[in-house]
Amino acid sequence: MVASLVAVIYNYGVLMSSQKEKVVVKNLYKIFGSKSNRALQLLEQGLSKDEIYQKTGLTVGVQDASFSVYEGEIFVIMGLSGSGKSTLVRMLNRLIEPNAGSVIVDGKDVITMSPDELVQFRLHNMSMVFQSFALMPHLTVLENTAFGLKLSGVPEEQRNARAKEALEQVGLSGWEDASPSQLSGGMQQRVGLARALAVDPEIMLMDEAFSALDPLIRAEMQDELLTLQQQHQRTIIFISHDLDEAIRIGDRIAIMQDGVVVQVGSAEEILRSPANDYVKSFFKGVDPTGILTTRDIVRNNHPTLIITKGGSIPTTQEYLSNSDRDYCYLLTPDKKLIGVVSTESLREVAEQENSSLTLADAYLQDVLTIGLDDLLTDIQPVVAVSPCPVPVLNDEGRFMGVVSKSRFLRMLHKPEQILHAAEEVANA
C-alpha cells in the first residue's frame, strides 16, 4: 500500500481531535501611529485599511485577529508582504504591543503579564527564530547556542551541555568552537534554531526563518524541522510568504489579507473551499496531487461480488456482463479484497478445456492497492501502471472503492469540479 508522507509525519485528524488549544488569540488589534483609538472607531464603522490611512495617516497592522493553535501542531501564518503576518507573530510574545485583544497561553493572558513575568515567559515558554539568524559574531557557535540559557541564569556547565545537545539535534556536532563567520548561511540558521531549542520551549515562533536561504538548503531545513517535530512535538507558529513551504510543513494554515485573518484550515480544506478570491489566488496553480488524498476521488460504483465458497466463473461472467463494466472486485463477507477479475480474464479461463480451473485462476496479477489517506502524488505511479481501476482499502483493509486513470486525470485538469461532485455525494 502506498504510504503518504504526510500520514507518516503527522496524522492530522488524530492531532486535532486529541490535542488541546495551546495558544488562543482573541480580537487582536495593532494600529501603528498615535491616536489609535480613532482608527479603532473607524474600523468599527466598516472603513478599510486604505480608507483609514487616507483619513488619519494611521496604519492598521492587524485587525480583529482570532484563532487557536493546538498543542503540538505546526501552524503556518502566511500572506503577501504587508498583510500583517510578522506583526501578528510579534504580538504573541509582545515584541510588538497590541492595542486591543488577548493572547491566552495555557490559560494565562500574555497581554496582561507584568514586565518580569513577560521576561520569564520569553525565556522559558516561547522562543523565537528570526529570518536574519541574529548570531553574535564575537561568540562561538556554542556560546551563541547557550546565550538564552545564560540570560536565564543556568550554570555554565549545564547550559553548555544543553547547547551541545541542541547542536547535535540540528546536525552541528563538532562545530561548537567555530565562529559564525566560518559557517554557511544554512549552518548559521541551524545555530539560530539550536539556540531556540536549547531552552526547551513549549512554543516556537519562526518568522520567515528559512526565507533567506537558497532553495536547496531551505528544503533541507524544512525536513530538519519536520524531523525535530516528530521527535519532540512542540507547538510551532511559522510565518511564511511561500505557499509551497506552508503546504509542506503546516498542519494548518492561516491566510492574512490587509491585517485580517481571512481563513484558517488545512491546505486541503482551503483548496476545497477558499474564503474569497484573495485566498483562491494563493492556491491557483497549486498541484492538487500534493494536497488531496485518495479519499477525495475514490468511487464505489464498480461491480463487487461477495465470495463465500470459491465463486463461479459463469455467475461472475453473467454479473459482469449485466453491469456493463470490464472489471469486478471480489470480496469476503466483511469486505476484504480477495481478487480482481475482468471480462477478458474470465473469458480466457472459461475457454480452456480444464475442469479443474476455478475463479481464482481468472484473478488479475500484480494488482496493487492504495489507502484512503494516501496523497494523490504518491498513488500516481500505481494508478498509471495498474491494469484496472486501483482498489482502495481503509485502515482495516476493507474495500472502499476504486480510483481509475480517467478520474485521476480529470482531477489534474478540473480539481474544483471533482471536489464539488465528491462533496455532493458525501452529503447526499
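Cut-offs used in this document
- Just so you know, the residues in each chain are numbered from 1, in the order the chain's sequence is written.
- For a predicted model such as this one, the threshold for reporting local features is a pLDDT of at least 70, and the threshold for listing and counting side-chain atom pairs is 80 or more; totals across whole chains, interfaces and linings nevertheless cover every residue.
- Side-chain numbers come from the whole structure's heavy atoms, not from hydrogens or water.
- UniProt positions are given in the numbering used here, feature names are shortened, and annotations may be inferred rather than shown by experiment.
- Counting from the N terminus, the helices are the DSSP runs of H or I reaching at least four residues and the strands are the DSSP runs of E reaching at least two.
- Every radius of gyration here is taken over C-alpha atoms, with the globule rule written as 2.2 Å times N^0.38, N being the number of residues.
- When a residue's accessible area, from a 1.4 Å probe over protein chains only, is under 20% of the maximum for its type it is buried; when over 50% it is exposed; and in between it is partly exposed.
- Pairs of residues are marked as contacts when any of their non-hydrogen atoms sit within 4.5 Å.
- The convention is simple: Lys and Arg are positive, Asp and Glu are negative, and His and the chain ends are not counted.
- Every charge is mapped to an atom, namely NZ of Lys, CZ of Arg, CG of Asp or CD of Glu.
- Salt bridge, as used here, is a side-chain nitrogen of Lys or Arg placed within 4 Å of a carboxyl oxygen of Asp or Glu.
- Polar contacts, as counted here, are pairs of nitrogen or oxygen atoms within 3.5 Å of one another; within protein the pair requires one atom able to donate a hydrogen and one able to accept it, and residues that are adjacent in sequence qualify only if both atoms are side-chain atoms.
- In short, DSSP must find at least two bridges between two strands for them to pair.
- Helix axes use the C-alpha atoms of the stretch in contact, all axes being lines fitted to C-alpha atoms, and the angles between their N-to-C directions lie in the range 0 to 180 degrees.
- It is the directions from the helix axis to the C-beta atoms that the arc portrays.
- Confidence scores labelled pLDDT are given residue by residue by the predictor and lie between 0 and 100.

The protein chain appears in an unreviewed UniProt entry as Glycine betaine/proline transport system ATP-binding protein from Halodesulfovibrio marinisediminis DSM 17456. Listed in UniProt under the heading Sequence similarities (unreviewed entry), the comment for the protein chain reads: "Belongs to the ABC transporter superfamily."

Whenever I open this one, the overall build of the protein chain confuses me. Can you help?
Assigned secondary structure in the protein chain consists of 19 helices and 16 strands. For 428 residues, the compact-globule estimate of 2.2 N^0.38 gives 22 Å, and the C-alpha radius of gyration of the protein chain, at 28 Å, exceeds that figure by more than 25%. Each principal axis of the C-alpha distribution contributes one length, and for the protein chain these read about 90 × 60 × 35 Å. Residues counted as buried form 49% of the 428 residues belonging to the protein chain. In the protein chain, of all internal contacts separated by at least 6 residues, the share reaching a separation of at least 24 is 67%. Here the protein chain contributes 38 positive and 55 negative side-chain charges, whose respective centroids are spaced 6 Å apart.

What's the story with the side chain of Asp 109 in this structure? I'm lost.
Secondary-structure assignment places Asp 109 in strand β5 (residues 108–109). Buried within the structure, Asp 109 lacks any salt-bridge partner; Arg 94 is the closest side chain of opposite charge, at an N-O distance of 7.4 Å. A distance of 3.0 Å separates a polar atom in the side chain of Asp 109 from the backbone nitrogen of Ile 111.

Mind showing me how you'd approach the pairing of strand β4 (residues 100–105) here?
Look at any regular strand and the pattern is simple: side chains alternate between the two faces of the sheet. Pairing geometry for strand β1 (residues 21–32) and β4, over 5 bridges, is antiparallel. What sits directly across from Val 25, in β4, is Val 103. Bridging between β4 and β5 involves 2 bridges; their strand directions are antiparallel. Bridged to Ile 104 within β5 is Asp 109. Following β4, the chain reverses through 2 residues before pairing antiparallel with β5; Asp 106 in that reversal takes a positive phi of roughly 50 degrees.

I'm lost on the sheet that holds strand β12 (residues 327–331) in this one. Help?
Pairing between the strands of a sheet comes from backbone hydrogen bonds, and it takes one of two forms, parallel or antiparallel. Pairing is mixed in the open sheet, where 3 strands are placed in the order β11-β12-β13. Strands at the two margins of the open sheet, each flanked by one partner only, are β11 (304–306) and β13 (337–342). Recorded for the sheet is a direction-independent mean angle of 25 degrees between the axes of neighbouring strands. With 3 bridges connecting them, β11 and β12 associate as parallel partners. Within the sheet, the bridge partner assigned to Thr 304 lies in β12 and is Tyr 329.

Can you walk me through the side chain of Thr 145 in this structure?
Tracing the chain through its elements places Thr 145 in helix α7 (residues 141–145). Taking relative accessible area as the criterion, Thr 145 reaches 0% and is therefore assigned buried. In terms of polar contacts, Thr 145 uses its side chain to reach the backbone carbonyl oxygen of Val 141, at 2.8 Å.

When you look at helix α3 (residues 36–44) in this model, what are you seeing that I'm missing?
At 3.6 residues per turn, the α-helix brings residues three or four places apart onto the same side. Turning to α3, its buried residues are Ser 36, Ala 39, Leu 40, Leu 42 and Leu 43. Across the axial projection of α3, the buried residues extend over an arc of 160 degrees, all falling on one side. Those residues of α3 that are exposed and angled more than 90 degrees off the buried face are Asn 37 and Glu 44. Here the buried face of α3 lies against β1, α4 (49–56) and β2 (59–70). Downstream of α3 by a residue or two, Gly 46 has a phi angle that is positive, lying close to 95 degrees.

What should I look at first to understand the confidence of the model for the protein chain in this one?
Scored by pLDDT, the protein chain comes out at a mean of 85, with 91% of its residues at no less than 70. Across the protein chain, element-level confidence peaks in strand β15 (residues 390–393) with a mean pLDDT of 96 and bottoms out in helix α1 (residues 5–9) with 33. When the criterion is pLDDT under 50, residues 424–428 qualifies, and its contacts beyond four places in sequence or with other chains add up to 0 contacts.

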